[in-house]
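Below are the chains, spelled out letter by letter.
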Amino acid sequence: MLTKLTDHIFYLPADARTDRPILAAIVGRDHVAMLDAGNSPAHADRFLAELQTITPRRPDWVLLTHWHWDHTFGLAHPGIPAIGQKALTANLAKLQNLAWDDAALAERVASGVEITFCAENIGKEYGAARDIHVALPTITFEEMLTLHLGGVTCELRHLPTDHSDDSIAVYVPEDGVVFLGDALGPALYAPTPYYAADQILRLRDLVESLPARWFVESHSAPLSREDFWADNEILILVATLIHEGYTDADAIMAAVARRAAHPIPEDAAEVIALFLSAPPRTL
Ligand SMILES: [Zn+2]
């Protein structure tokens, strides 16, 4: 069953067992948009079958939040045109001639171009039969694209981060919903994963400027505005401290303890370590 979030938006929740992200439909009077293609054809099919209980129409477009496998590998099968940021095409094209068997994945993990977490989940999602075809987007845009679905619109905005340079946010103003993909995730494909303080603060500014009621990150449940800020308090606080010039993990933890309005989450030390792993750059 799809869960109804708002008048026009229905979603299939994320499933951590094989790292399936949220898939959603934005259903307008005239057109339907699907958010992300799923991590496999099976994932896409599951969503499309569930969507039949909401509307007899198939999606007119798939909006791809970024190139990572769990958001895009479902695209090849349904044959629905996809829309993404300009850099998405080259990012996906690089994956088109790769092999996906265990040996090929292990080799890419060893050479640092693939990460263990993704290789493991690809194995779990596909089993032994790795019939993976990587499809490319049909329509790309640079900074912003608006889709009019009939009574509801999708504003696609480029949101480059170290998680991926082709990340987009999809804002649905009529319903007060913003889909953020994995934009708030760390740079996972870097030799040492990290968070960049300047990017997190830039994302905070963008998110703050959108009068949304619901914030949807791809690997967790949709959050109300209040819960979203509470959930991301430590992330933003640590980014702020780094921006202020803090460079020592213990000093940052002490400042977090002084300033945080909510209880310090268990992974706070991990978040601080990720920020301190960022390559040097000018703020
Ligand atoms: Zn991702």
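The structure presented is a predicted model; accordingly, all values stated were derived computationally and were not measured.

Chemist: Break down the domain arrangement of the protein chain for me, with residues and values.
Modeler: In many reports, interface size means the accessible area that the parts give up when they come together. Along its sequence, the protein chain is organised into domain 1 (3–205 + 215–223) and domain 2 (232–277). Across the contact, 10 residues belong to domain 1 and 10 residues belong to domain 2. Looking at side-chain class alone, the side of domain 1 that touches domain 2 contains 8 nonpolar, 1 polar and 1 charged residues.

Chemist: Provide a residue-level description of the nonpolar core, including the pertinent values.
Modeler: Grouped burial of nonpolar side chains is what soluble globular proteins tend to show. Counting residues in hydrophobic clusters, the biggest one holds 73 residues, and the most contacted among them are A24, I26, A33, L63, V170 and V238. At 6 residues, helix 8 (residues 233–244) tops the list of elements feeding residues into this core. Each of domain 1 (3–205 + 215–223) and domain 2 (232–277) contributes no fewer than three residues to this core. Excluding anything up to four places from it in sequence, L63 contacts A33, L35, I83, C154, L156 and V170.

Chemist: Just give me the short version of the pairing of strand 12 (residues 214–217), but keep the residues and values in it.
Modeler: Relative to strand 12, strand 11 (residues 177–181) is paired through 4 bridges, and the arrangement is parallel. Across the sheet, G181 pairs through a bridge with E217, a residue of strand 12. Following the backbone out of strand 11, through helix 6 (residues 197–209) and into the adjacent parallel strand 12, one traces a crossover that is right-handed. As judged from the 2 bridges shared by strand 12 and strand 13 (residues 223–224), these two strands associate in the antiparallel manner.

Chemist: Quick one: what's the story with the pairing of strand 3 (residues 23–27), residue by residue and with numbers?
Modeler: Among the 5 residues of strand 3, 5 are classified as buried, and the element is accordingly described as predominantly covered. Side chains L23, A25 and V27 project from strand 3 onto one buried face, and the interleaved A24 and I26 project onto a second face that is buried too. With 4 bridges connecting them, strand 2 (residues 9–12) and strand 3 associate as antiparallel partners. Bridged to Y11 within strand 3 is A24. The pairing of strand 3 with strand 4 (residues 32–35) spans 4 bridges and is antiparallel. Paired with A24 across the two strands is L35, which belongs to strand 4. Where strand 3 folds back onto strand 4 in an antiparallel hairpin, the turn is made up of 4 residues.

Chemist: So what's going on with the packing of helix 4 (residues 102–111) against helix 5 (residues 116–126)? Which residues, and what values?
Modeler: Here helix 4 crosses helix 5 at 170°, and the two axes come no closer than 10 Å. For the element pair helix 4 / helix 5, the angle class is roughly antiparallel. Of the residues in helix 5, those touching helix 4 at D102, L105 and V109 are T116, A119, I122 and G123. A per-class count over the contact of helix 4 with helix 5 returns 4 nonpolar, 2 polar and 1 charged.

Chemist: Account for the sheet that holds strand 10 (residues 168–172), with residues named and values stated.
Modeler: Pairing in this open sheet of 6 strands is mixed, and the strands run 8-9-10-11-12-13 from one edge to the other. Whereas interior strands pair on both sides, the edge strands pair on one side only; in this sheet they are strand 8 (144–148) and strand 13. Alignment of strand 8 against strand 9 (residues 153–158), held across 5 bridges, turns out to be antiparallel. When the sheet's bridge partners are listed, L145 is paired in strand 9 with L156.

Chemist: Could you give an account of unusual backbone geometry, naming the residues involved and the relevant values?
Modeler: With glycine set apart, most residues show a phi of negative sign, and most peptide bonds adopt trans. A positive phi angle is found at D19, which is not glycine, with a value near 60°. Tracing the backbone through its elements, the reader meets D19 in the loop between strand 2 and strand 3. The class for D19 is buried, based on 20 C-beta atoms found within 10 Å. With a phi close to 70°, D36 is a non-glycine residue in the positive phi region. Along the chain, the position of D36 falls in the loop between strand 4 and helix 1 (41–51).

Chemist: Quick rundown of the sheet that holds strand 3? Include the residues and the values.
Modeler: For sheets, the rule is that strands pair by backbone hydrogen bonds, running either parallel or antiparallel. Reading across from one edge, 1-2-3-4-5-6-7 is the order of the 7 strands in this open sheet, with mixed pairing throughout. The outermost strands of the open sheet, each flanked by one partner alone, are strand 1 (3–4) and strand 7 (139–141). Note that strand 6 (residues 82–85) and strand 7 share 3 bridges and pair parallel. Within strand 7, the position partnered with I83 by the bridge is I139.

Chemist: Explain the environment of A76 residue by residue, including any values.
Modeler: Counting through the fold element by element, A76 comes out in the loop between helix 2 (69–72) and strand 6. For A76, a count of 17 C-beta atoms within 10 Å puts it in the partly exposed group. Note: C-alpha distance between A76 and I132 (56 residues apart in sequence) is 8.4 Å.

Chemist: Now, about the packing of helix 9 (residues 249–259) against helix 10 (residues 268–276): what can you tell me, with residues and values included?
Modeler: It is at 10 Å that the axes of helix 9 and helix 10 come closest, and there the two elements cross at 130°. Between helix 9 and helix 10, the interaxial angle falls into the category oblique. Read as a crossing pair, helix 9 and helix 10 show a hand that is right-handed. Between helix 9 and helix 10, the contacting residues are A249, I252, M253 and V256 on the first element and A268, A269, I272, A273 and L276 on the second. Among the residues forming the contact of helix 9 with helix 10, the class breakdown is 9 nonpolar, no polar and no charged.

Basis of the calculations
Residues numbered from 1 in each chain as written. Predicted model: local features only at pLDDT ≥ 70, side-chain atom pairs only at ≥ 80, totals over all residues. Domains from an automatic or database assignment. Contact = placed C-beta atoms within 7 Å. Nonpolar A, V, L, I, M, F, W, Y, C, P; charged D, E, K, R; others polar. Core = buried A, V, L, I, M, F, W, Y, C linked by C-beta atoms within 7 Å. Buried ≥ 20, exposed ≤ 12 C-beta atoms within 10 Å, placed from the backbone. Helix = DSSP H or I, 4+ residues; strand = E, 2+ residues; numbered from the N terminus. Pairing = 2+ DSSP bridges. Right-handed = clockwise from strand over helix to strand, strands pointing away. Axes fitted to C-alpha atoms, helices over the stretch in contact; angles between N-to-C directions. Parallel < 35°, antiparallel > 145°, perpendicular 65-115°, else oblique. Left-handed = near helix turned anticlockwise from the far one by under 90°.

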